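Structural description and commentary
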Amino acid sequence: MRLLMTVSALALASVACVAEVPPAVDTPAEAPVVRRCESTVVRGAEPIEHAGPPVAAASAATSADPCADLRALDEVTEHIDALGELLEEVGDESP
Amino acid sequence: MRARELLFALTSALFLSHATPAEAQCLPSALRPALRAQLLAQLRASRATPAELYRHAHDRLGFGTATHRAGALPPTTGDALEALADRILDELAAADTIHTGADNLLAAIARTSTPAGALDLSTRPYHHAASDMSGSYSELIRYSREMTTLRRQIDALPPGAQRDRLQARYDGLRRSAQITRSDIRDSAVVRAVSHAVLSSNADVGALLTEFWSNHFNVDSEKSTWASVDYRKMIQRRMCGRLDTLLTAVAKHPAMAIYLDNFRSRVGAINENYARELMELHTFGDDLYRYYQQPDVVGVARVLSGWSVAFDEPTPGVLRPVFRFYPGAHDNVQLTLFGGAPRGVPLTLAPIAGDAGVRRGEQLLAYLASHVATRRNLCGKLSRKLIGDAPVALIDECASDAVWGAGGDLGNIYRFFLVRPELWQASLADDTRVPGHRYVMKDKTPLELVASAYRAVALPNTALNQPWFVNTMNGLRSFGLLPGRTPPPTGYPEGNVWASSGLLLTWSPYLFARVPTDALWFRNGATTLRGAALEAHFAALVRAAPDAAAQRALGATIADQVVRYPGLRLASDTIYPALVEADTLRADRSVAPVRSYVHALLAHGDFLRK
């Protein structure tokens, strides 16, 4: 079941973008960063058709919307983590 | 202090103004004549014999003497030192050339058993030795898709024969995925070992590739699919500038995954890579002299948004690549390092959009030219090549004249190559091993394994045999794990087997599965192998009636039969080993030639270099 949840999570990462991030030019170094893109990752809800990488997001030109970048990075991160968990789940082959 | 800061800032600015380096070689042809003259002068100034110089060159600039490869011994005609100098320079000139022979050989190994229900994917050991990151990744994704689809179908079925059939199919897929995962990971290990075993004599390219791969260590257990061709990326860039190599490493998915920088983003900074970047890869500073904890966070912020993407250049071919995500980058003005006791401040202004990646590149350029980085890497290279790191040598290596602004790696290698400390035997006598006239250092486990197989002239085709595959797999239990060392420090320079009690068992293990036919020695113009070799040894034993004759026999074997010059003390142990081997020959419990090999290679003279 854990394996199923792992592979299911590959395509279930989603980011709800609720507002744009203002340009950070001249922001003082120690100023708190205000994030207005809320990331919501749903894991293990339903099986998926296939477990592929977020190719479209990766190959697209950079969006002017910072939330699109965060969403794409969330998807990539989830994908890499899920693939790592899958490999851990299938285990090691002893020669 | 003020003048030093200004000089450093000026140097960094000059470097940053030409951030696109030209193609670089470790030895450009225009520099060869002058370097040859310097190298030859050092060789001629040495008090060592030509045979000793050959072995020394093979040990320090490669993985030991391969007795069956060109240039193993001084030539009988012509100038032996000129021949050695030319060979060393040839190898240096080709240092960044990728040798594909070992990859192809390993990829040709046929697996003996194929699991039922497997896809027609990688079911052979070390199939991925010739693979690249795109191939390994695409293969694992294919398993992932197949297994997910199958799982859905299974869950939708009621218990019964059809469900059982699909479950069996699923189990087979899972087993194949397991094999593939293990093979991808093990390929990184065996690639390192086989390249060391198969490399040429004085193959400085193989040595430097291993050095940098260990310096920028990644663990193939964690980075799995991303680490399979990581070494090749390093080799292609190790003759250029350090800033270029450092940037390529920082952007490689293997490092991004290994130290988690791929997930670092504004508001959720991951510090792992930033910390090791300064503590290990550049400054080498674990005392917080050049940076402080706030700088670790700051560096991580500069490198936030540096991650991975999955491109699809042609349908069905997935290619992991570096991608900078501007929207995930913490794009604020930062002043770094100013709070450290010896820190030189670096201020990075915000840069909007894709160009924001330049902030990280500026940071890496700063680190590559920093005095602490220079001293750290000059020290590591000195300990690798010379065996010691005298302060004066480090100072000169770290100077602008040698290091250059961004770390001219080819120039640094050339600097070490003609140092008297490397060649002049009179500079250091090591009393622990009488007779040695160089600074001796312990071989690393990888150097021991590689040099042992090279000393007995293991043929290339041995890598295509099941016993080699099994032996390599078994080396896990000996802790020999280039490419599979978990901590970011990599493995230590030195023989960790000496302290772990494995020193007495590595040689018997290494040769336990080697057929005697795979071992061959020359006796003059005659090549001896297998039964003929054993008979030859038996005759030698009977022909040595007294102690003097026995010592002479040992010396003859060490210097001529196995053609491993300089193995002086082995002459005392060879005859007893031959007697023991002759006794064991009667019951065939141990192949005599193996007994001989154990005695020779377990000797302290061979364990050091």
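Residues numbered from 1 in each chain as written. Chains lettered and ligands numbered in written order. Predicted model: local features only at pLDDT ≥ 70, side-chain atom pairs only at ≥ 80, totals over all residues.

1. What about the overall build of chain A?
Spelled out, the test is: In this description a helix means any DSSP run of H or I spanning at least four residues, a strand means any run of E spanning at least two, and both kinds are numbered starting from the N terminus. Burial is judged by counting other C-beta atoms within 10 Å of a residue's own C-beta: 20 or more means buried, 12 or fewer means exposed, and anything between counts as partly exposed, with every C-beta placed from the backbone. Two residues qualify as being in contact provided that their C-beta atoms, derived from the backbone, are within 7 Å of each other.
Each helix and strand in chain A was counted, giving 3 helices and 2 strands. Taken from N to C terminus, the helices and strands of chain A fall in the order α-β-β-α-α. The proportion of buried residues among the 95 residues of chain A is 36%. Sequence separation of at least 24 residues holds for 77% of the intrachain contacts in chain A that already meet a minimum separation of 6.

2. As for the overall build of chain B
Counting its secondary structure elements, chain B contains 29 helices and 6 strands. For chain B, with 609 residues in total, the buried portion stands at 51%.

3. Quick word on the confidence of the model for chain A
As a general rule, the predicted coordinates of low-pLDDT regions are not to be interpreted in detail. Residues and elements named next belong to chain A. Counted only if it meets this: pLDDT is a residue-level measure of predictor confidence that goes from 0 to 100.
Predicted confidence across chain A gives a mean pLDDT of 57, with 29% of residues reaching 70 or more. Per-element confidence in chain A ranges from a low mean pLDDT of 38 for strand β1 (residues 13-17) to a high of 90 for helix α3 (residues 66-90). Across residues 1-35 the pLDDT falls below 50, and counting only partners more than four positions away or on other chains, this stretch makes 85 contacts in the model.

4. Notes on the nonpolar core
This is how it is decided: Working definition: the nonpolar core is a set of buried Ala, Val, Leu, Ile, Met, Phe, Trp, Tyr and Cys residues, joined through C-beta atoms within 7 Å.
Counting 155 residues, the largest nonpolar core has Ile88, Leu92, Val193, Met255, Val299, Phe416 and Val449 of chain B as the members making the most contacts within it. In contact with Ile88 of chain B, not counting residues within four places along its chain, are Leu39, Ala57, Leu61 and Ala202 of chain B.

5. A few points about the domain arrangement of chain B
Residue and element names in this part refer to chain B. This is how it is decided: For the purposes of this description, domain bounds are those given by an automatic or database domain assignment.
If you check the domain split of chain B, you get domain 1 (2-96 + 203-372), domain 2 (101-198) and domain 3 (445-607). At the interface, 15 residues of domain 2 touch 15 residues of domain 3. If you list the elements that add at least two residues to the side of domain 2 that touches domain 3, you get α5 (101-107) and α7 (161-198). Counting residues per element, the side of domain 2 that touches domain 3 draws most heavily on α7, which supplies 10 residues.

6. Quick look at the pairing of strand β1 (residues 306-314) of chain B
All names here are of chain B. So the rule is basically this: For two strands to be treated as a pair, DSSP must find at least two bridges joining them.
Of the strand pairs in this sheet, β1 and strand β2 (residues 317-324) are connected by 7 bridges, and their pairing is antiparallel. In the strand pairing of β2, Asp311 is matched with Arg319. Counted between consecutive antiparallel strands, the loop separating β1 from β2 contains 2 residues, among which Gly316 sits at a positive phi close to 90°.

7. What to know about helix α19 (residues 409-417) of chain B
Of all the 9 residues making up α19 of chain B, 8 are buried; the element is thus mostly covered by neighbouring parts of the structure. Within α19 of chain B, burial applies to Leu409, Gly410, Ile412, Tyr413, Arg414, Phe415, Phe416 and Leu417 of chain B.

8. A look at the environment of Val90 of chain A
Checked against the element boundaries, Val90 of chain A lands in helix α3. By C-beta crowding, Val90 of chain A is classed as buried, having 24 other C-beta atoms within 10 Å.

9. Section: the packing of helix α3 (residues 50-60) of chain B against helix α4 (residues 80-93) of chain B
Residues and elements named next belong to chain B. Here is the rule: To obtain an axis, a line is fitted to C-alpha atoms, over the contacting stretch when the element is a helix, and the angle between two such axes runs from 0 to 180 degrees between their N-to-C directions. Throughout, the term roughly parallel applies to angles under 35 degrees, roughly antiparallel to angles over 145, roughly perpendicular to angles from 65 to 115, and oblique to all others.
Look at α3 against α4: their axes get within 10 Å of each other, and the N-to-C directions meet at 10°. Relative to α4, the element α3 is oriented roughly parallel. Of the residues in α4, those in contact with Pro50, Leu53, Tyr54 and Ala57 of α3 are Ala80, Leu81, Leu84 and Ile88.

10. Points about unusual backbone geometry
Residues and elements named next belong to chain B. One non-glycine residue with positive phi stands out, namely Ala202, at about 60°. Tracing the backbone shows Ala202 in the loop between α7 and α8 (204-215). Using a count of 27 C-beta atoms within 10 Å as the deciding quantity, one classes Ala202 as buried. We note that Asp260 has phi near 70°; this positive angle belongs to a residue other than glycine. Assignment of secondary structure puts Asp260 in the loop between α12 (253-258) and α13 (272-281).

11. Describing helix α16 (residues 371-385) of chain B
Residues and elements named next belong to chain B. For the record, the criterion: Helix span, as expected, comes to 1.5 Å for every residue beyond the first.
For α16, which comprises 15 residues, the first-to-last C-alpha distance of 21 Å matches the rise-based estimate of 21 Å (1.5 Å per residue) to within 8%. Burial runs high along α16: 11 of the 15 residues are buried. Within α16, burial applies to Ala372, Thr373, Arg374, Arg375, Asn376, Leu377, Cys378, Leu381, Ser382, Lys384 and Leu385. Positive phi shows up at Gly387, right after α16, with a value of about 100°.

12. What to know about the confidence of the model for chain B
All names here are of chain B. Of all residues in chain B, 80% have pLDDT values of 70 or greater, and the mean over the chain is 82. Within chain B, helix α1 (residues 2-16) has the poorest average pLDDT of any element, 38, and helix α11 (residues 242-251) the best, 98. When the criterion is pLDDT under 50, residues 110-123 qualifies, and its contacts beyond four places in sequence or with other chains add up to 33 contacts. For the stretch residues 427-434, pLDDT sits under 50, and the model shows 12 contacts to residues farther than four places along the chain or on other chains. Both confidence scores are given for the complex: pTM 0.84, ipTM 0.82.

13. Examining the packing of α7 of chain B against helix α21 (residues 445-455) of chain B
All names here are of chain B. Let me state the cut-off plainly: Two helices cross in a left-handed way if the nearer one is turned anticlockwise from the farther one by less than a right angle. They cross in a right-handed way if the turn is clockwise. Residue polarity is assigned by list, with Asp, Glu, Lys and Arg as charged and Ala, Val, Leu, Ile, Met, Phe, Trp, Tyr, Cys and Pro as nonpolar; anything else, Gly included, falls into the polar class.
Running from N to C, α7 and α21 cross one another at 45°; their axes reach a closest spacing of 8 Å. With respect to each other, α7 and α21 are oriented oblique. Handedness of the crossing formed by α7 with α21: right-handed. Together, Ala192, Val193, Ala196 and Val197 of α7 and Leu446, Val449, Ala450, Tyr453 and Arg454 of α21 make up the contact between the two elements. The class makeup of the residues in the contact of α7 with α21 is 8 nonpolar, no polar and 1 charged.

14. Section: the environment of Ser200 of chain B
Residue and element names in this part refer to chain B. With respect to the helices, strands and loops of the structure, Ser200 is situated in the loop between α7 and α8. For Ser200 and Ala72, which are 128 residues apart along the polypeptide, the C-alpha to C-alpha distance reads 9.4 Å. Discounting residues that sit within four places of it in the chain, Ser200 has contacts with Arg69 and Glu91.

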